[in-house]
Amino acid sequence: MIDNNVGFAVDSLTEIDERLENMPREEYSVMKKNALAVAQKIRTGEFIKTAMTKLEKVKD
């Protein structure tokens, strides 16, 4: 989640409301755009293809 900038980490669930309330609109827009890009990669199997390619390289 953090690597793709599609969300944020908290130490406790009680921090979520405050984090969302104080999130700048620009940060939200960036995360939304990134989430849409990750969703597209999931739908097209991009992450699985990458994992398989890495696995094949290790196997050889």
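Refer to the structure printed above.
Since this is a predicted model, take the numbers as computed values, not measurements. (Residues numbered from 1 in each chain as written. Predicted model: local features only at pLDDT ≥ 70, side-chain atom pairs only at ≥ 80, totals over all residues. Heavy atoms only, no water.)

Let's shift gears to a negative patch on the surface. Taken together, the side chains of Asp11, Glu15, Asp17, Glu18 and Glu21 define an acidic patch exposed on the protein surface. Residue class for Asp17 comes out exposed when judged on its relative accessible area of 55%. (Patch = residues over 30% accessible without salt bridge, like charges linked within 9 Å, V, L, I, M, F, W, Y side chains within 5 Å. Areas by Shrake-Rupley, 256 points an atom, 1.4 Å probe, with all protein chains shown as cover. Salt bridge = Lys/Arg side-chain N within 4 Å of Asp/Glu carboxyl O. Lys, Arg positive; Asp, Glu negative; His and termini not counted. Charge placed at Lys NZ, Arg CZ, Asp CG, Glu CD. Buried < 20%, exposed > 50% of the residue type's maximum accessible area, 1.4 Å probe, protein only.)

This brings us to helix α2 (residues 25–43). Helical geometry note: an α-helix holds 3.6 residues per turn, so side chains three or four residues apart project in the same direction. When the terminal C-alpha atoms of α2 are compared, their 27 Å separation across 19 residues agrees well with the 27 Å that a helix rising 1.5 Å per residue should span. Listed in full, the buried residues belonging to α2 are Met31, Asn34 and Val38. In a view along the axis of α2, the buried residues occupy a sector of 70°, so they form one face of it. Seen from the open side of α2, the exposed residues pointing more than 90 degrees away from its buried face are Arg25, Glu26, Lys33, Leu36 and Arg43. Buried residues in α2 make contact with α3 (46–59). (Helix = DSSP H or I, 4+ residues; strand = E, 2+ residues; numbered from the N terminus. Expected span 1.5 Å × (residues − 1). Arc of directions from axis to C-beta. Contact = heavy atoms within 4.5 Å.)

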